[in-house]
Amino acid sequence: MFRNKNDRFLVLEILENNNRGASIRADFTNKTISVSKIVSHPSLKKILKKFGRLAKYKIILGLDSHLATTIYSSVVLVRDRYKELIDEPELDNLISQAIWKFFDRQRSKVAAKMNVTDLDIVLTDVRIRGVKLDSHKVVNPIGFKAKTVEIQFSQTFLLRDFINSVKDYLPLNLISLVSENGTAWASVIAKSNLTDNFLLANLYGSKTLMFLTDGIQNAYCERFNWGEENLHRSLAADLAITPGVAKLIIGKCTAEQTSPTFRKRLENLFIKELEVLAGGINTALKKTDTKLVYLNTFFDLPAIFSSAFKNQFERSVSLQPISIDLISQNFGFDIKFKNSADSKSSSGLLVSLMEWYLAPQDDRMSQLAKRRVRWLSPL
């Protein structure tokens, strides 16, 4: 679907323990984004009922990593008739070969990551992100000669059970983009500052998910069981209070509604838990040569950028926070909220919107790619 002035979007964020939906108007010409309503509920079906007739929206779906896997990568193909010009039938054939080669190479890995069999995953979204002929980037390969063709694309796999569970009330033909949340975050970060070698840590209630962007691929790389609940339980045990009270205290500390002395004491109590977080990130760092780590917390977490936390790493790292400024400043969008309180929790929804905006918009090559999706993964 093409970008129009005042497009209306319904952006859905489906996480492990909660779902959210947002009604958003976007004027991409004048770079304004207006968030009119955000609804949170464990039931996706109940969220959808709050937004009326779905056909009036472009629907964007951002899914947790246990439901979806999105991989950015590339496939290099060697042409037998490299002295001949590439025409459209050959381009169609090359794209088909690349999709099949990547699908065949990744499906077992994806199934293992999602803890299912190969037959339980469905390829739902393929987008051509770029083409190189003999290592030179081109907009359209038709009419050129080349020995090698490198096709860069993203592929998204979903659980078949998930699709079957929502297709009765979420029309699949209305979905403009579906992606794995963490990979979308990494993609938008990479495009915002032209950095293509970093780790992203998404910190949730009971888990941390790591994503790697290294200039070759952009994908999920690690999971470890540490999150907000660990922090609350630890502080509750130290202070002999309930986890609920611990959460309130941490919130006040983060909002700087406590004395500096109390905040310092609280940060000292956090160190042993933050050592666990650092250990998990260290494991992912060993798989790459990057020193840059983006930390994306879905809850209040003080002291995460303190020197005490940075000292827990095995090598020097640069820790960077993520906020809504990623979109407003780096891409020049003016973002408005009908309810100002929504701005604190809207970054994931806006990142999904930006991933759609930055993706190829139904260009000829992506259309050729999408024709192959049903053939590879029939529902």
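Residues numbered from 1 in each chain as written. Predicted model: local features only at pLDDT ≥ 70, side-chain atom pairs only at ≥ 80, totals over all residues. Heavy atoms only, no water.

A. Up close: the side chain of S65. By the secondary structure assignment, S65 is in the loop between β4 (58–63) and β5 (68–78). Since its relative accessible area comes to 6%, S65 is described here as buried. In this view, S65 contacts K113, M114, E180, L209, F211 and Y220; residues no more than four positions away in its chain are not counted. (Helix = DSSP H or I, 4+ residues; strand = E, 2+ residues; numbered from the N terminus. Buried < 20%, exposed > 50% of the residue type's maximum accessible area, 1.4 Å probe, protein only. Contact = heavy atoms within 4.5 Å.)

B. Inspection of the confidence of the model for the protein at higher detail. On average, residues of the protein carry a pLDDT of 89, and 96% of them reach 70 or more. Across the protein, the element-wise mean pLDDT spans from 70 in helix α11 (residues 364–376) up to 96 in β4. (pLDDT = per-residue confidence, 0-100.)

C. Focus on the pattern of salt bridges. A complete count under the given rule lists 14 salt bridges for this structure. A salt bridge links E84 to R81; its shortest N-O distance comes to 3.6 Å. In this structure, the salt-bridge partner of R107 is D104, at a minimum N-O distance of 3.0 Å. Of this pair, R107 and D104 both sit in helix α2 (residues 88–113), three residues apart, which is roughly one turn of that helix. Given a relative accessible area of 25%, R107 falls into the partly exposed group. In this structure D104 comes out as partly exposed when scored by relative accessible area, which is 37%. Linked through salt bridges whose partners overlap, the residues forming this network are E16, D64 and K207. (Salt bridge = Lys/Arg side-chain N within 4 Å of Asp/Glu carboxyl O.)

D. Representation of the packing of helix α5 (residues 228–239) against helix α7 (residues 260–285). Between α5 and α7, whose axes approach to 10 Å, the crossing angle comes to 125 degrees. Considering their axes alone, α5 and α7 lie oblique with respect to each other. The handedness of the crossing between α5 and α7 is right-handed. In contact with N230, L231, S234, L235, D238 and L239 of α5, α7 contributes L266, L269, F270, K272 and E273. Residue composition of the contact of α5 with α7, grouped by class: six nonpolar, two polar and three charged. (Axes fitted to C-alpha atoms, helices over the stretch in contact; angles between N-to-C directions. Parallel < 35°, antiparallel > 145°, perpendicular 65-115°, else oblique. Left-handed = near helix turned anticlockwise from the far one by under 90°. Nonpolar A, V, L, I, M, F, W, Y, C, P; charged D, E, K, R; others polar.)

E. Quick look at the environment of E222. The topology assignment puts E222 in strand β12 (residues 218–224). Exposure remark for E222: the relative accessible area of 16% places this residue in the buried category. Linking E222 and A112, residues 110 residues apart in sequence, is a C-alpha distance of 13 Å. Aside from chain neighbours lying at most four places away, what touches E222 is T208, L209, M210, T283, A284 and K287. Polar side-chain contacts of E222 include one of 2.5 Å to the side chain of K287. (Polar contact = N/O pair within 3.5 Å; in protein donor to acceptor, adjacent residues only side chain to side chain.)

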